[in-house]
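# Structural overview
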Amino acid sequence: MKKLIAALAGAATLAAGAAVLTAPAVQAATISSSTAKYVFCSANQHGNNITYYDRYGMVDKVVSLNNKTDSNLYCAAFEVGIEPDSFVWSSIDNDHSSYVYAAIYEVHYPLFSGSSGASPQYTLIAREESRDSYGGFNYAIAS
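## Points about the pairing of strand β9 (residues 99–108)
- β9 sits mainly inside the fold: eight of its ten residues count as buried.
- Relative to β9, strand β2 (residues 35–42) is paired through seven bridges, and the arrangement is antiparallel. Residue pairing in the sheet places F40 in a bridge with A102 of β9.

## Comments concerning the state of the cysteines
- Evaluated as defined, the whole model comprises one disulfide.
- Here C41 engages in a disulfide with C75; their sulfurs sit 2.0 Å apart. Disulfide C41 to C75: torsion about the S-S bond roughly 110 degrees, handedness right-handed. With C41 in strand β2 and C75 in strand β6 (residues 74–81), this pair connects stretches of sequence that are 34 residues apart.
- Residue classification places C75 among the buried residues on the basis of a relative accessible area of 12%.

Definitions and cut-offs
Residues numbered from 1 in each chain as written. Predicted model: local features only at pLDDT ≥ 70, side-chain atom pairs only at ≥ 80, totals over all residues. Heavy atoms only, no water. Buried < 20%, exposed > 50% of the residue type's maximum accessible area, 1.4 Å probe, protein only. Helix = DSSP H or I, 4+ residues; strand = E, 2+ residues; numbered from the N terminus. Pairing = 2+ DSSP bridges. Disulfide = S-S within 2.5 Å.

All quantities given are derived from atomic positions and should not be read as evidence of function.
Written out as structure tokens, the structure reads:
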């Protein structure tokens with residue numbers, strides 16, 4: 001009986017190890033259109049470090065978010081050109097914010113939207129938010 005239990009425990013350990021070795025990495029979000037929209041929000045208007053990708057590569061900068069929402073959050077959106085079927089990723093961090101939010105939208109423009117005045121269609125690709133009641137360092141990564 002002890003040998004059977006030991007054999008089962010050994011098999012379970014091997015199976016768990018194999019599962020860890022074959023588990024896929026974090027899934028990357030891709031966009032099939034040529035435009036992406038990144039949305040960032042924070043409880044702190046200033047000192048927000050944002051990162052996102054556009055057609056030329058990674059953009060990393062510190063910004064103030066100027067659009068105040070009803071819930072005392074500050075937000076900004078960046079619509080950028082991107083190569084179709086590209087990997088997209090975004091993040092926001094702030095050393096003094098109780099809340100941060102990052103989201104990625106795929107933007108589709110209807111055919112002849114320029115002449116017809118049709119609005120673009122936005123599809124949420126990824127989002128992440130983080131809360132810290134102490135208002136210290138806080139980050140969110142959308143991918």
